[in-house]
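The lines below spell out each chain.
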Amino acid sequence: MRCICLKQHLRIEQEIYKAFNYYYKILQIQRPIRLNFSSNMNFGGKYQHNKVTLNRPIIDNWEQERKVCEFLIAHELVHAKYNDSNIFSGFTSFFCPPISVKLAFRELRANTIAFDITNCNELDLTNYFSNFYFYSRATYFGTSGGYLDGNANIEFIQEHKSWTHKTVKAATSYFKHYSLMYRFVPKYFYNKFEQQFLHKQ
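Scope of this entry: the structure provided in the associated data block. Bear in mind the structure is a predicted one, so any value in this text is a computation, not a measurement.

**Digging into the packing of aromatic side chains**
Then, in step 1: In this structure the tally under the stated criterion is 19 aromatic pairs.
Then, in step 2: Centroid distance Phe-175 to Tyr-182: 5.7 Å. Interplanar angle 65°. Geometry classified as edge-to-face. Tyr-182 shares its class with Phe-175; the two are buried.
Then, in step 3: Chaining the aromatic ring pairs together yields one cluster made of Phe-105, Phe-175, Tyr-178, Tyr-182, Tyr-188, Phe-189, Phe-193 and Phe-197.
Then, in step 4: Its guanidinium or amino end placed over the ring of Tyr-82, Lys-81 lies 5.8 Å from that ring's centre, counting from NZ or CZ.
Then, in step 5: Positioned above the aromatic ring of Tyr-190, the side-chain terminus of Lys-176 is 4.8 Å from the ring centre.

**Digging into the nonpolar core**
Then, in step 1: By size, the foremost hydrophobic cluster in this structure holds 61 residues, and its most contacted members are Ile-16, Val-52, Leu-77, Phe-105, Tyr-128, Phe-175 and Tyr-182.
Then, in step 2: Sequence-distant contacts of Tyr-128, defined by excluding residues within four places in its chain, comprise Phe-43, Val-68, Phe-71, Leu-72 and Tyr-133.

**A short note on unusual backbone geometry**
Then, in step 1: Even without being glycine, His-49 reaches a positive phi, approximately 55°.
Then, in step 2: The topology assignment puts His-49 in the loop between β2 (45-48) and β3 (51-55).
Then, in step 3: Under the relative-accessibility criterion, His-49 is labelled exposed at 59%.
Then, in step 4: Even without a glycine there, the phi angle at Asn-119 is positive, about 55°.
Then, in step 5: Relative to the elements of secondary structure, Asn-119 occurs in the loop between α5 (97-117) and α6 (122-131).

**Description of the packing of helix α1 (residues 6-26) against helix α3 (residues 66-81)**
Then, in step 1: Running from N to C, α1 and α3 point in directions that differ by 50°, and their axes come no closer than 10 Å. Taken together, α1 and α3 sit at an angle that is classed as oblique. In terms of crossing hand, the pair formed by α1 and α3 is right-handed. Packed against α1, whose contacting residues are Glu-15, Ile-16, Ala-19, Phe-20, Tyr-23 and Tyr-24, the element α3 presents Arg-66, Glu-70, Ile-73, Ala-74 and Leu-77 at the interface.

**Here's the deal with the sheet that holds β2**
Then, in step 1: Taken in spatial order, the three strands of this open sheet run β1-β3-β2, and their pairing is mixed. Only two strands of the sheet have a single partner each, and these edge strands are β1 (34-38) and β2. Each adjacent strand pair in this sheet contributes to an overall mean axis angle of 20°, direction not counted.
Then, in step 2: Note that β2 and β3 share four bridges and pair antiparallel. Of the residues in β3, the one forming a bridge with Tyr-47 is Val-52.
Then, in step 3: Contacts from α1 reach β1 and β3, with the element oriented near 140° to β1.
Then, in step 4: The sheet contacts of α3 involve β2 and β3, and relative to β2 the element is tilted by about 15°.

**Notes on the environment of Glu-15**
Then, in step 1: The residue Glu-15 is located in helix α1 in this model.
Then, in step 2: On the accessibility criterion, Glu-15 (23% relative accessible area) is partly exposed.
Then, in step 3: Put simply, Glu-15 and Trp-62 are 47 residues apart on the chain and 9.0 Å apart in space, counted from C-alpha to C-alpha.
Then, in step 4: Setting aside its immediate chain neighbours within four residues, Glu-15 contacts Trp-62 and Arg-66.

Thresholds applied
Residues numbered from 1 in each chain as written. Predicted model: local features only at pLDDT ≥ 70, side-chain atom pairs only at ≥ 80, totals over all residues. Heavy atoms only, no water. Phe/Tyr/Trp six-rings, centres within 6.5 Å; stacked < 30°, edge-to-face > 60°. Buried < 20%, exposed > 50% of the residue type's maximum accessible area, 1.4 Å probe, protein only. Lys NZ or Arg CZ within 6 Å of the ring centre and 35° of its normal. Core = buried A, V, L, I, M, F, W, Y, C linked by side-chain atoms within 4.5 Å. Contact = heavy atoms within 4.5 Å. Helix = DSSP H or I, 4+ residues; strand = E, 2+ residues; numbered from the N terminus. Axes fitted to C-alpha atoms, helices over the stretch in contact; angles between N-to-C directions. Parallel < 35°, antiparallel > 145°, perpendicular 65-115°, else oblique. Left-handed = near helix turned anticlockwise from the far one by under 90°. Pairing = 2+ DSSP bridges.

Dropping the structure here:
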């Protein structure tokens, strides 16, 4: 962990608020979203109930890995834009593959749009998903929660750099190729989720 003094900490928080407000406007979010900071030491954040919470490593890594940190901020704001509050427990999605697929659509949408609006390049993308992303390797638990592994995210986003109708259709094919869990989800659910995500541009 990088240690920073209080004065530097406060300056970085101000810079993060500025970046947060910038992407909030870029995404044209129509309701107030609060920004909080957590002492959690996992590199990441979460969106819930009109509030984005960023964990401590975002502050600690801000100056050295700013593009990665901005990607994470934009990712959480995409969840805010579409009100992707996670109402499903990990236990529920673990035993219900259709819910896992819906969560996978959410996560891939947030990652793809974040990549697009932050003007990340492919090196930034690889850096985030190889060195900072919690599910850098495939796990059954991660897949059940809708989290593709790091290489899968890199591969998909490099080919589909913005969230369009074509990207939504491509995601269905990619999910079926990616995981047996996703492959055996009935077509009805994929059609339903495609319509939901096609109409939320």
